[in-house]
Amino acid sequence: MQLSHLRELVALAILAAPSAAIGQAIPIQLLFDGAPLVVMAAPEFACLDRTRNTWIGCRIERDADGTRYLLSRPAPGEYTLHVKIDENQKNPARFPGDYDVFFPFEVTADAPA
């Protein structure tokens, strides 16, 4: 189904990263139609801890090479990463030109899932 008022954004945890022990960051790459997303506006990130049913602060920094982001590993559990990009600030959020996605993921003692 194609949405005329909203472009879908996909956030993928890159699982090919080095072994993911507790405390290591989880790499995230923003893609649109399978290609790296290039935007002018800075993405806004929020994390829902579905295990505890509460929004938590998630620390996400841009990777040194600028191609992805690094999420500080939360405690093991189920989460939803909310990514919002208001690319067209001349219109209300979630209108043409904006990105908004909720991406579920799980963190275990040794890997994101």
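Parameters and conventions
- Residues numbered from 1 in each chain as written.
- Predicted model: local features only at pLDDT ≥ 70, side-chain atom pairs only at ≥ 80, totals over all residues.
- Heavy atoms only, no water.
- Helix = DSSP H or I, 4+ residues; strand = E, 2+ residues; numbered from the N terminus.
- Buried < 20%, exposed > 50% of the residue type's maximum accessible area, 1.4 Å probe, protein only.
- Polar contact = N/O pair within 3.5 Å; in protein donor to acceptor, adjacent residues only side chain to side chain.

Novice: Just to check I follow, could you spell out the environment of Leu37 for this structure?
Specialist: Counting through the fold element by element, Leu37 comes out in the loop between strand E3 (35-36) and strand E4 (44-49). Judged by relative accessible area, Leu37 falls into the buried class, the value being 17%.

Novice: Looking at this model, I keep getting lost on the environment of Arg62. Mind explaining?
Specialist: Structurally, the position occupied by Arg62 is in strand E6 (residues 60-62). Residue Arg62 is classed as partly exposed on the basis of its relative accessible area of 48%. Between the C-alpha atom of Arg62 and that of Pro27, which follows or precedes it by 35 residues, the distance is 9.5 Å. Among the polar contacts listed, one links the side chain of Arg62 to the backbone oxygen of Gly66, at a separation of 2.7 Å. Polar contacts involving the side chain of Arg62 include one to the side chain of Tyr69, which spans 2.3 Å.

Novice: What should I look at first to understand unusual backbone geometry in this one?
Specialist: Note: most residues except glycine have negative phi, and most peptide bonds are trans. The backbone of Asp33 sits at a positive phi, close to 55 degrees, despite the residue not being glycine. With respect to the helices and strands, Asp33 occurs in the loop between strand E2 (26-32) and E3. At Asn53, a residue that is not glycine, the phi angle is positive and equals roughly 55 degrees. Within the secondary structure layout, Asn53 lies in the loop between E4 and strand E5 (54-56).

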